[in-house]
Amino acid sequence: MHCSQCGTENKSGRRFCGNCGQALGMACADCGFENDAGDKFCGGCGAPLGDPAAVRPSHQGDPDQTADSSADGELRQITVMFCDLADSTAMSTRMGPEQLARLQGQYREICDRAIGQFGGYVAKYMGDGILAYYGYPVAHEDDAERSIHSALQIQDQIETLNRSGQAAEPISARIGVATGSVMVGELIGSGSAQENTVVGATPNLAARLQGLAKPGEIVIADETRVLAGGSFTFKDIGRHALKGFSGTTQAWGVAGEAATQVRFESRVAGGLTPFVGRQHERRLVEDCFEQATSGQGQVILLCGEPGIGKSRLIQVAGDLNPGAMSTLQCSPHHQSTSLHPFVEFMRSLSDGRTGSTWIEAQLGDCGVENPDAIGLFEKLLYDSTDRIITIPS
């Protein structure tokens, strides 16, 4: 942006010159015409001019994949999460404003980190409540699953904060999650109060489900449970009459993550149709599988577009001898966790057993007697924090 006062070229989006402080003009978002400072309408196309920061909401996710923040609404399916700090009113009477603000800051930091890690968008802070969207502005194929991962991590991190003694007093959260079609993107308000609306029954349903949750619980709608597949274990908490909704609504509590480590297994928990075609590829995989089981190691690189049937082909080939096949799978949700597929596989083998004795026995069966290895495996298996662990040479 060119400054008419001193001639300095400023970066696009600046409102004042970085050299002399002169007010700069504004480039029209529609036609690119450079308007003078103070203009309310574009001199090139007549479109209204406004503060770009006021009409473009900040969000987590890849900025290259963000939705268009135009004023036109868009019909799309999203998952909505309401998270509320339980018993906050009573806490405000027990502690001073500064202490309460620090505690709420710790709570919001936990929620922001968990929501952002799984591709969610913090849409609004409402006192001690947080409204988050999954599927807007960035959509993923597993937004319902991502929302539940976030909710579980929020509850887990709150427990960690309580155990650490860093909170002024123990806290807990109540979380409600719902999925459905809404109208999103239409701008309402003006200036700094301008925001993108989400219109539909889904946000209201998430809020009502959050009201059903007890402190420390996660309650989700039936459609969210169906979309999450077999990735989690749920408990049926019955049908409830919710304010504003006709009849009764089925609600589910989230008990935790399912034992399976393979996303394919969790998404087809309801059953599979008969395998059709791919005879050549199937014979090739089966031949390599038989050679591997006979002692001749084989490596297969299977490539293809998402949804083409790679996991199903491996699943069919593995049915030849299920006991001889172990599956380790990476996860986009744990990119910062060292050796995540291996760690989850080892945890599944432990069957709940912990401690150095079990690790030492497993390493002994493999002929490993290095004492340093026991400590390394303990750190890998039982350190729940997502971080990079340095492996000694």
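Residues numbered from 1 in each chain as written. Predicted model: local features only at pLDDT ≥ 70, side-chain atom pairs only at ≥ 80, totals over all residues. Heavy atoms only, no water.

Asker: Go over the overall build of the chain, please, and point to the residues and values.
Answerer: The helix and strand tally for the chain stands at 12 helices and 10 strands. Across the 393 residues of the chain, 35% fall into the buried class. Accessible surface for the chain amounts to roughly 22,400 Å². Of this, 50% is attributable to carbon and sulfur atoms. (Helix = DSSP H or I, 4+ residues; strand = E, 2+ residues; numbered from the N terminus. Buried < 20%, exposed > 50% of the residue type's maximum accessible area, 1.4 Å probe, protein only. Areas by Shrake-Rupley, 256 points an atom, 1.4 Å probe, with all protein chains shown as cover.)

Asker: I'd like a rundown of helix 8 (residues 279-293), residues and numbers included.
Answerer: Taking 1.5 Å of rise per residue, the 15 residues of helix 8 would be expected to cover 21 Å, and the 21 Å separating its terminal C-alpha atoms lies within 8% of that figure. Downstream of helix 8 by a residue or two, Gly295 has a phi angle that is positive, lying close to 105°. (Expected span 1.5 Å × (residues − 1).)

Asker: Before we move on, could you go through the pattern of salt bridges and cite the residues and values that matter?
Answerer: Scanning the entire structure with this criterion turns up nine salt bridges. Put simply, Arg163 and Glu159 hold a salt bridge, and the shortest N to O gap is 3.9 Å. One end of the pair, Arg163, and the other, Glu159, are both in helix 4 (residues 143-164), four residues apart, so they sit about a helical turn from each other. When salt bridges with common partners are traced through the structure, they connect Asp87, Arg94 and Glu169 into a single cluster. (Salt bridge = Lys/Arg side-chain N within 4 Å of Asp/Glu carboxyl O.)

Asker: Before we move on, could you go through the packing of aromatic side chains and cite the residues and values that matter?
Answerer: Evaluated as defined, the whole model comprises three aromatic pairs. Its end group placed over the ring of Trp252, Arg225 keeps NZ or CZ at 4.3 Å from the ring centre. (Phe/Tyr/Trp six-rings, centres within 6.5 Å; stacked < 30°, edge-to-face > 60°. Lys NZ or Arg CZ within 6 Å of the ring centre and 35° of its normal.)

Asker: I'd like to hear about the nonpolar core, residue by residue, with values.
Answerer: Across soluble globular proteins, nonpolar side chains have a tendency to be buried as a group. With 33 residues, the main nonpolar core has Met81, Tyr107, Ile115, Ile154, Ile171 and Ile175 as its most contacted residues. Put simply, the parts of the chain that give this core at least two residues each are strand 3 (74-85), helix 3 (97-117), strand 5 (129-134), helix 4, strand 6 (173-188), strand 8 (218-221) and strand 10 (249-257). Broken down by element, this core gets its largest block of residues, seven residues, from helix 3. Dropping the residues within four chain positions of it, Ile115 is found in contact with Met81, Gly120, Tyr121, Val122, Ile130, Ala132, Tyr134, Ser150 and Ile154. Val184, Leu209, Val219 and Leu242 belong to the second largest nonpolar core, which has 19 residues in total. (Core = buried A, V, L, I, M, F, W, Y, C linked by side-chain atoms within 4.5 Å. Contact = heavy atoms within 4.5 Å.)

Asker: Any details on unusual backbone geometry? Residues and values, ideally.
Answerer: For the bond from Tyr136 to Pro137, the omega torsion is 0°, close enough to zero to count as cis. Along the chain, the position of Pro137 falls in the loop between strand 5 and helix 4. Positioned with a positive phi, Asp87 is a non-glycine residue whose angle comes to about 60°.

Asker: With reference to specific residues and values, describe the pairing of strand 3.
Answerer: Every regular strand shows the same layout, with side chains that alternate between the two sheet faces. With respect to burial, strand 3 is a largely interior element, nine of its 12 residues being buried. As judged from the six bridges shared by strand 3 and strand 5, these two strands associate in the antiparallel manner. Bridge pairing in strand 5 places Val80 opposite Tyr133. (Pairing = 2+ DSSP bridges.)

Asker: Outline the confidence of the model for the chain, supporting the account with residue identities and numerical values.
Answerer: Considering every residue of the chain, the mean pLDDT works out to 77; 72% of them sit at 70 or more. Mean pLDDT across the elements of the chain ranges from a minimum in helix 1 (residues 52-55), with 34, to a maximum in strand 8, with 96. Below a pLDDT of 50 lies the segment residues 51-71, which in the model reaches 35 contacts outside its immediate sequence neighbourhood of four places, other chains included. Between residues 385-393, whose pLDDT stays under 50, and residues either more than four places distant or in other chains, the model counts 17 contacts. (pLDDT = per-residue confidence, 0-100.)

Asker: Describe a nonpolar patch on the surface, listing the residues and the values that go with them.
Answerer: Residues Leu75, Met183 and Val199 make up a contiguous nonpolar surface patch of about 290 Å² in total accessible area. With respect to the element layout, Val199 can be found in strand 7 (residues 195-199). (Patch = residues over 30% accessible without salt bridge, like charges linked within 9 Å, V, L, I, M, F, W, Y side chains within 5 Å.)

Asker: Account for the environment of Thr327, naming residues and giving values.
Answerer: For Thr327, the position within the fold is in the loop between helix 9 (310-318) and helix 10 (340-350). Classification of Thr327 as partly exposed rests on a relative accessible area of 35%.

Asker: Quick one: what's the story with the packing of helix 3 against helix 4, residue by residue and with numbers?
Answerer: Remark: helix 3 packs on helix 4, axes separated minimally by 9 Å, with the N-to-C direction vectors making an angle of 145°. The element helix 3 and its partner helix 4 pack so that their crossing is right-handed. Facing Gln106, Tyr107, Ile110, Cys111, Arg113, Ala114, Ile115 and Gln117 of helix 3, the residues of helix 4 in contact are Ser150, Gln153, Ile154, Gln157, Ile158 and Leu161. The class makeup of the residues in the contact of helix 3 with helix 4 is eight nonpolar, five polar and one charged. (Axes fitted to C-alpha atoms, helices over the stretch in contact; angles between N-to-C directions. Left-handed = near helix turned anticlockwise from the far one by under 90°. Nonpolar A, V, L, I, M, F, W, Y, C, P; charged D, E, K, R; others polar.)

Asker: Go over the pairing of strand 4 (residues 121-126) with me, naming the residues and quoting the values.
Answerer: Relative to strand 5, strand 4 is paired through five bridges, and the arrangement is antiparallel. Bridge pairing in strand 5 places Lys124 opposite Leu131. The hairpin turn running from strand 4 into strand 5, its antiparallel successor, is two residues long, and Gly127 in that turn takes a positive phi close to 65°.

Asker: Lay out the environment of Arg102 with the relevant residues and their values.
Answerer: Here Arg102 lies in helix 3. Remark: the alpha-carbon pair of Arg102 and Ala167, spanning 65 residues in sequence, is separated by 8.6 Å.

Asker: Got a sec to walk through the state of the cysteines? Specific residues and values, please.
Answerer: Per the counting criterion, the structure on display carries zero disulfides. Cys83 supplies the cysteine sulfur nearest to Cys111, a cysteine that is in no disulfide, at a spacing of 3.9 Å. Under the relative-accessibility criterion, Cys111 is labelled buried at 0%. (Disulfide = S-S within 2.5 Å.)

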